[in-house]
Amino acid sequence: MADDLPVGAVRCEDGLIRPLWAAEPGLMRDYYDVEWGMPVSGENAHFERLALEGFQAGLSWATILRKRPAFREVFADFDVDTVAAYGDAEVAELLADARIIRHRGKIEATIGNARATQNLRAEGGLVDFLWSFRPESTPRPQSTAEVPTTSAESVAMSKALRAKGFRFVGPTTMYALMEAVGIVDTHLLVSYRRGSSGIWPGTG
């Protein structure tokens, strides 16, 4: 008998329940199974997630994942101090590199955001800044229709980051960041990954 699963969930061929976007074997499933919703460690790792979510705006996350190895190469593994030192010559090189997303605004924002990250160190740093917007509770979506795309916290995070000089950090982009690093858990309740981050125990 077929599973009576909520809209947007599917039992995959390995018996595990995932959202439709991670149903097919490949890059997106691997990302879902291993990375999405899991905390990362350190300033550079959080800066990478912030930068890649900015580049994703208007595009698919699959596109970002395919290009991530090249992004990591050209942005020196998203080392904040290295990227902050980029100038006109590096921008020109990046705009000529077909392996990444050649969007001047996003490239320049990434460099500017690295400099803004440096400035945040005097106030405790990017990691603590981002996690200060962790809500008191996390969503409990049964279907994909119940997964939020923004929250009061992502709006506040966006506003606070912009005030610190960050760009391409809109509320929807910042909510995606919060999901990606486990600040919120938006895995479907039926998903085998629900609660996997360890940040939100007892929310399954």
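To be clear, the structure that these remarks concern was listed above.
Residues numbered from 1 in each chain as written. Predicted model: local features only at pLDDT ≥ 70, side-chain atom pairs only at ≥ 80, totals over all residues. Heavy atoms only, no water.

Q: Got a minute to help me understand empty space enclosed by the protein in this structure?
A: If a probe as big as a water molecule is rolled over the atoms, it shows which places are left empty. Throughout the structure, instances matching the rule amount to 1 cavity of 30 Å³ or more. Counted as a void, the largest cavity has a volume near 40 Å³. In terms of lining, the largest cavity is formed by Leu-50, Ala-51, Gly-54, Phe-55, Lys-106, Thr-110, Asn-113, Arg-167 and Phe-168. The leading source of residues in the lining of the largest cavity is helix α2 (residues 43-56), at 4 residues. Here the residues of the lining of the largest cavity sort into 4 nonpolar, 3 polar and 2 charged. (1 Å grid on protein atoms, 1.4 Å probe; cavity = no way out; pocket = protein on both sides within 12 Å on 5 of 7 lines; lining within 4 Å. Points joined across faces, edges and corners; volume = space filled by probe spheres on them. Helix = DSSP H or I, 4+ residues; strand = E, 2+ residues; numbered from the N terminus. Nonpolar A, V, L, I, M, F, W, Y, C, P; charged D, E, K, R; others polar.)

Q: Any chance you could explain the packing of aromatic side chains here in plain terms?
A: The geometry of an aromatic ring pair is captured by two quantities: the separation of the ring centres and the angle between the planes. Evaluation of the coordinates by the stated rule reveals 11 aromatic pairs. For the pair Tyr-31 and Trp-61, a centre-to-centre distance of 5.6 Å together with 45° between the ring planes defines the contact as tilted. Placement of Tyr-31 in helix α1 (residues 27-34) and of Trp-61 in helix α3 (residues 61-74) is noted, with a sequence separation of 30 residues between them. Here Tyr-31 and Trp-61 have matching classes, each one buried. Relative to Phe-78, the ring of Phe-47 has its centre 6.1 Å away and its plane inclined at 65°; by these criteria the two rings are edge-to-face. Note that Phe-47 is positioned in helix α2 and Phe-78 in the loop between α3 and α4 (80-84), a separation of 31 residues in sequence. In terms of burial, Phe-47 and Phe-78 fall into one category: buried. Taken together, Phe-47, Phe-55, Phe-71, Phe-75, Phe-78 and Tyr-86 form an aromatic cluster joined through their ring pairs. The ring of Trp-200 has Arg-134 lying over it, and the distance from NZ or CZ to the ring centre is 4.3 Å. (Phe/Tyr/Trp six-rings, centres within 6.5 Å; stacked < 30°, edge-to-face > 60°. Buried < 20%, exposed > 50% of the residue type's maximum accessible area, 1.4 Å probe, protein only. Lys NZ or Arg CZ within 6 Å of the ring centre and 35° of its normal.)

Q: Where do I start with the packing of α2 against α3 in this structure?
A: The interhelical angle for the contact between α2 and α3, taken along N-to-C directions, is 130°, at an axis separation of 10 Å. By the angle between their axes, α2 is oblique relative to α3. Crossing of α2 over α3 shows right-handed handedness. The residues of α3 that touch α2, namely those facing Glu-48, Leu-52, Glu-53, Phe-55 and Gln-56, are Trp-61, Ile-64, Arg-68, Phe-71 and Arg-72. Of the residues in the contact of α2 with α3, the class split is 5 nonpolar, 1 polar and 4 charged. (Axes fitted to C-alpha atoms, helices over the stretch in contact; angles between N-to-C directions. Parallel < 35°, antiparallel > 145°, perpendicular 65-115°, else oblique. Left-handed = near helix turned anticlockwise from the far one by under 90°. Contact = heavy atoms within 4.5 Å.)

Q: Looking at this structure, I do not really get α1. What am I missing?
A: Every α-helical turn comprises 3.6 residues, leaving residues that sit three or four positions apart pointing alike. What α1 keeps buried is the set Met-28, Arg-29, Tyr-31, Tyr-32 and Asp-33. Buried-residue contacts for α1 involve β2 (17-19), α3 and α9 (171-180).

Q: What is the right way to look at α3 in this model?
A: End to end, α3 covers 19 Å across 14 residues, agreeing with the expected 20 Å (1.5 Å per residue, within 8%). At Lys-67, α3 shows its largest bend, some 55°, and a proline, Pro-69, comes one to four positions later. As for α3, its buried residues are in contact with α1, α2 and α5 (88-95). Just downstream of α3 lies Ala-76, where phi reads positive at about 55°. (Expected span 1.5 Å × (residues − 1). Bend = angle between axes of the 7 residues up to and from the residue.)

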